Amino acid sequence: MSVNRCVCFVSRLQRHFNSRTARITTSSCHVSSGSSLLQGQHRPGTVVWSRDVSSNSSSPKPPDTSLFVPVSLKADASADGGVGIELTQPLDKTRLFHQAFISFRKYILEMTSLPADLHIILNDICCGAGHIDDIYPYFMRHAKQIFPMLDCMDDLRKISDLRVPANWYPEARAIQRKVIFHAGPTNSGKTYHAIQRYLAAKSGVYCGPLKLLAHEIFEKSNDAGVPCDLVTGEERTFVDPEGRAAGHVACTIEMCSVTTPYEVAVIDEIQMIRDPSRGWAWTRALLGLCAEEIHVCGEPAAIDFIKELMFTTGEEVEVHNYQRLTPFSILDHAVESLDNLRPGDCIVCFSKNDIYSISRQIEARGQECAVIYGSLPPGTKLSQAKKFNDPDDPCKILVATDAIGMGLNLSIKRIIFNSLVKPNVNEKGEKQMETISTSQALQIAGRAGRFSSKFKEGEVTTMHRDDLPVLKEILSHSVDPIETAGLHPTAEQIEMFAYHLPDATLSNLVDIFVSLSQVDGLYFVCNIDDFKFLADMIQHIPLNLRSRYVFCTAPINKKQPFVCTSFLKFARQFSRDEPLTFDWVCRHISWPLAPPKNIKDLVHLEAVHDVLDLYLWLSYRFMDMFPDTASIREIQRELDDIIQQGVRNITRLIRASDPTVTDPLQAQSNRHSQTGRGTGSTKFLTGSRGQRGQRASGQMMDSSLASRLVRDGLLTPDLLQQLQREWSKDQKQDNSSQRALDLEHQSNNKGKRKKKKK
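Quantities reported herein were computed from a predicted structural model and do not represent experimental measurements.

With that settled, consider the side chain of T438. Position of T438 among the secondary structure elements: in helix α13 (residues 438–445). Residue classification places T438 among the buried residues on the basis of a relative accessible area of 10%. Filtering out sequence-adjacent residues up to four positions away, T438 remains in contact with I474, H477, S478 and V479.

Below you can see the structure in the form of structure tokens.
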């Protein structure tokens, strides 16, 4: 066929396709150019919410075709066209049908030798012996070549059907379980009653949200004479010297076994079943634990939802309600100044920098304070809690983040909110500053006046006067009822996807899974951004799919560059089939490490501790490749001691980091009290107090920037002073130059006026 005739035919073909409604029937390959299939229903990485879909009558959800990247078919005289690698390019937003048509046209024009049957059809059409519709089967054949997933769409839909997750756990469905819901606020004794039943049982499992809580139950059980093992992501502790499993186990909720039979299971903090990132773990435990009795502890806001969820499994829920054992009251006045602090006070911040600033100001007033925040190792948190609780220790003030909301028993008289806004991840995985919810406020405020502490009544207030009415409004509302539970694709489901799409990246596989997934109104698919972040990071490293999946589920702090770099090196070493030995790790982290000299050093030590946690986490999944668990745990304990030493001297570290610059928080507090400017409305709480300070004056912004540069080690105090001197000198020179220009301009204007008069 000549080139001119081929071009002419393609032009006719394009006009024909534009004039008729081109469609691919669902029975053949599930593509329709005019349907919602071409308009992706969900963006990748988002939480897929669905309250309208019935588990029995829901129609299949159209996939997000923006995730389908066409395969390039190269011109080849000896073959019908080679299929290249699919789904490895950046996501393309062009519609599916349009992509297929453009590819088909290009294929016809660029092929040096077309397949014989296609050549004959084209020739017949050009000669008038055939109709243009005759080309349609060949277009379809080409579309399936560049989009191989079209042939297996039904299989992919079945694999990603998440509408009946209760059926994933046949062992649990084979027994009739009794579900007891212990509902009540913080410090109501709900968990205590569940644990008493757990201790009295022949066998049991405790599932908690934190390692600290699992450790606490582990110690309580063994102290009570009930042998109990400990299982967390990074630790396995067996009370039996020979390593035989005890009848009881305390674990973090992600680590619970859904195949081991127990008499009693305790699921703590059940309200976290709606957590956008971790909610799947509570769903899995609630539906899958093989226990005769399931004791669920949490907020009353979850009662109706848990009843509805258990209705789908045919199990009834028995509810026990509890009231708070000790009262707490909201004060009518804010603290307003750190001079007004009293023994037993806990200042709650939502920023580590605020913790540094406030602890420095407190100790500048001659008082000692304990410090607790999320990235501290568990041992350091317990050490700081013990210091604060000790009546013989001079430390009577605690500065902490909302990490105190769970897992620590603290003797607090008064909770003081330094701010009411905190960074949060919304349903779409986007980070934003939000006013704390009623549930979060109650969880933190409930730490005041604990039943077991010396303070029999708690108090709650704010640091700043204008925040107090907002706090009262937040606490006056009832907690929003829980309506959905989280789900997450399993390794087995992703492996089945990979069988049908063998050349797709793991990140793309998960994206397509979420796009095709079907959930009923009780569930949502958890946010997968962290998983995809790690998947993309190690995509270039040759790993089998199961190993890659396990690496991507590792709980790491992606905000820490050193942790991310270590994760990458671990994966690369693993891919070479080279064991990660103790000596290799020591070289990587530059062990031994010196005590911190400033805050930057302390932050680095915390990151190193996280890296050792990552090693231990991986060692329980790939024992032969991470063999030196005992040695790593030993240096981690030493590192914990070094970090504890740094936290005890945190004020000295802050001074070493920032000796010359005025503390921005102190200046901000002074400015706040002088202006008396209030927010009085929640809409003003969308930014942090640091953001308010940035609006105040250019001078404060400069001080704040200088403070951060010194604290991060990017500037030394001497360099800062030199820069200040040079800046003052430049300012004087600029002022002198400006005055000279002004005089010259005035002189010129006078000369012009004299000429006009003449």
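So much for the structure itself; the text now carries on.
What follows deals with unusual backbone geometry. Following W591, the chain continues to P592 via a peptide bond in cis, the omega torsion being 5°. Looking at the element boundaries, P592 is found in the loop between α20 (582–589) and α21 (599–619). The backbone of N187 sits at a positive phi, close to 65°, despite the residue not being glycine. Note that N187 resides in the loop between β6 (178–183) and α7 (190–200).

Turning our attention to the pattern of salt bridges. Counted by the stated rule, this structure contains 25 salt bridges. Residue R278 is joined to E254 by a salt bridge in which the shortest nitrogen-to-oxygen separation is 2.8 Å. Residue R278 is found in the loop between β11 (261–267) and α9 (279–288), and its partner E254 is found in the loop between β10 (248–252) and β11; the two are separated by 24 residues along the sequence. The exposure class assigned to R278 is partly exposed, which follows from its relative accessible area of 24%. Classification of E254 by relative accessible area gives partly exposed; the value is 25%. Among the salt bridges present, the one from R342 reaches E459, with a minimum N-O distance of 2.9 Å. In this pair, R342 is assigned in the loop between β14 (328–330) and β15 (345–348) and E459 in strand β21 (residues 458–462), connecting sequence segments 117 residues apart.

The element strand β12 (residues 290–298) is extensively covered by neighbouring structure, given that eight of its nine residues are classed as buried. Here β6 pairs with β12 via six bridges, running parallel. Paired with K178 across the strands is E293, a residue of β12. Pairing between β11 and β12: six bridges, direction parallel. If you follow Y262 over to β12, its bridge partner there is A291. Note that the unit made of β11, α9 and β12 has a crossover that is right-handed.

Moving on to the sheet that holds strand β7 (residues 204–208). Read from one edge of the open sheet, eight strands run β9-β8-β10-β7-β11-β12-β6-β13, paired in mixed fashion. Of all the strands in the sheet, just β9 (236–237) and β13 (317–321) have a single pairing partner and so form its edges. On top of the sheet, helix α10 (residues 303–311) reaches β6 and β13; it is set at about 165° to β13, its chief contact.

Conventions used here
Residues numbered from 1 in each chain as written. Predicted model: local features only at pLDDT ≥ 70, side-chain atom pairs only at ≥ 80, totals over all residues. Heavy atoms only, no water. Helix = DSSP H or I, 4+ residues; strand = E, 2+ residues; numbered from the N terminus. Buried < 20%, exposed > 50% of the residue type's maximum accessible area, 1.4 Å probe, protein only. Contact = heavy atoms within 4.5 Å. Salt bridge = Lys/Arg side-chain N within 4 Å of Asp/Glu carboxyl O. Pairing = 2+ DSSP bridges. Right-handed = clockwise from strand over helix to strand, strands pointing away. Axes fitted to C-alpha atoms, helices over the stretch in contact; angles between N-to-C directions.

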